[in-house]
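Below are the chains, spelled out letter by letter.
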Amino acid sequence: MSDPQIDWQELRRAAREMTGHAYAPYSHYPVGAAGLVDDGRIVVGCNVENAAYGVDLCAECGLISSLVAGGGGRLVAFCCVDASGTTIMPCGRCRQLLWEHGGAALTVDTPLGLRPMSDVLPQAFDAGDLDAVAGTDPAAGPEDAGRTPR
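Residues numbered from 1 in each chain as written. Predicted model: local features only at pLDDT ≥ 70, side-chain atom pairs only at ≥ 80, totals over all residues. Heavy atoms only, no water.

*Asks:* Mind laying out the nonpolar core, listing which residues take part and the relevant values?
*Replies:* Leu 63, Leu 75, Phe 78, Leu 98, Leu 106 and Met 117 are the most contacted members of the largest nonpolar core, which totals 20 residues. Those elements that provide at least two residues to this core are strand S1 (31–37), helix H2 (59–69), strand S3 (75–82), helix H3 (92–102) and helix H4 (117–120). No other element matches the 4 residues that H2 contributes to this core. Discounting residues that sit within four places of it in the chain, Leu 63 has contacts with Ala 33, Ala 34, Gly 35, Val 43, Val 44, Gly 45, Leu 75 and Phe 78. (Core = buried A, V, L, I, M, F, W, Y, C linked by side-chain atoms within 4.5 Å. Buried < 20%, exposed > 50% of the residue type's maximum accessible area, 1.4 Å probe, protein only. Helix = DSSP H or I, 4+ residues; strand = E, 2+ residues; numbered from the N terminus. Contact = heavy atoms within 4.5 Å.)

Shown next as structure tokens:
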């Protein structure tokens, strides 16, 4: 599963460094993330908490913002770690973000080893699901599913 051109040690180092930039005054659980883009860039992110807990930003959110702000591209490798450097799993919302910007073949460093994103987020929802219903009438019943509206 591991691509010999992916320097996992460097990605883990970059992710660990980002934990030092995290803003985690509430949970005291800094997280850093690093990803390799298909053009060779490394993008990073860290978690940013907020007193209104529900509006926290995960490290993966920062990484995806960095990816898009830096010109885009596709993620080919990803890892996230806690302050001790231990590999951790992205939450469900972040798995969806990673799928959007890396797809099924994105290699994710997990506590159980390297896994394709298709294992990390099986049966993922993506733009293809939206395209499948484009132009359908949401008021139509199940018997009308897939029919072109008139």
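Now that the structure is up, let's keep going.
*Asks:* Describe in detail the pattern of salt bridges, supporting the description with residues and values.
*Replies:* Scanning the model with the defined rule gives 4 salt bridges in all. The partner of Glu 17 in a salt bridge is Arg 13, and the shortest N-O contact between them spans 2.6 Å. With a gap of 4 residues between them, Glu 17 and Arg 13 both fall in helix H1 (residues 8–19), about one helical turn apart. A residue is classified by how much of its surface remains accessible, and Glu 17, at 45% relative accessible area, is partly exposed. A relative accessible area of 41% places Arg 13 in the partly exposed class. (Salt bridge = Lys/Arg side-chain N within 4 Å of Asp/Glu carboxyl O.)

*Asks:* Provide a residue-level description of a nonpolar patch on the surface, including the pertinent values.
*Replies:* On the surface, Tyr 23, Tyr 26, Val 48, Tyr 53 and Leu 57 cluster together to form a nonpolar patch covering roughly 510 Å² of accessible area. Looking at the element boundaries, Tyr 26 is found in the loop between H1 and S1. (Patch = residues over 30% accessible without salt bridge, like charges linked within 9 Å, V, L, I, M, F, W, Y side chains within 5 Å. Areas by Shrake-Rupley, 256 points an atom, 1.4 Å probe, with all protein chains shown as cover.)

*Asks:* An account of the sheet that holds strand S2 (residues 42–46) is needed here, citing residue identities and associated values.
*Replies:* Strand order across the open sheet formed by 5 strands is S2-S1-S3-S4-S5, with mixed pairing between neighbours. Single-partner strands in this sheet number two, and they are S2 and strand S5 (113–116). For this sheet, the mean inter-axis angle between neighbouring strands, taken without regard to orientation, is 20°. As paired strands, S3 and strand S4 (residues 107–110) are joined by 2 bridges and run parallel to one another. (Pairing = 2+ DSSP bridges. Axes fitted to C-alpha atoms, helices over the stretch in contact; angles between N-to-C directions.)

*Asks:* Lay out H3 in plain terms, naming residues and giving numbers.
*Replies:* Taken together, the buried positions of H3 are Cys 94, Leu 98, Trp 99, His 101 and Gly 102. Check the buried side of H3 and you find it contacts H2, S3 and H4. Where H3 terminates, the next one or two residues include Gly 103, which has phi positive at roughly 75°.

*Asks:* Before we move on, can you summarise the side chain of Glu 60 with the specific residues and values?
*Replies:* You can see Glu 60 is positioned in helix H2. Summary of buried charges: Glu 60 has no salt-bridge partner, and the nearest side chain of opposite charge, Arg 93, is 7.1 Å away. Setting aside residues up to four positions removed in sequence, Glu 60 forms contacts with Ala 33, Phe 78, Cys 80, Pro 90, Cys 91, Cys 94 and Leu 98. (Lys, Arg positive; Asp, Glu negative; His and termini not counted.)

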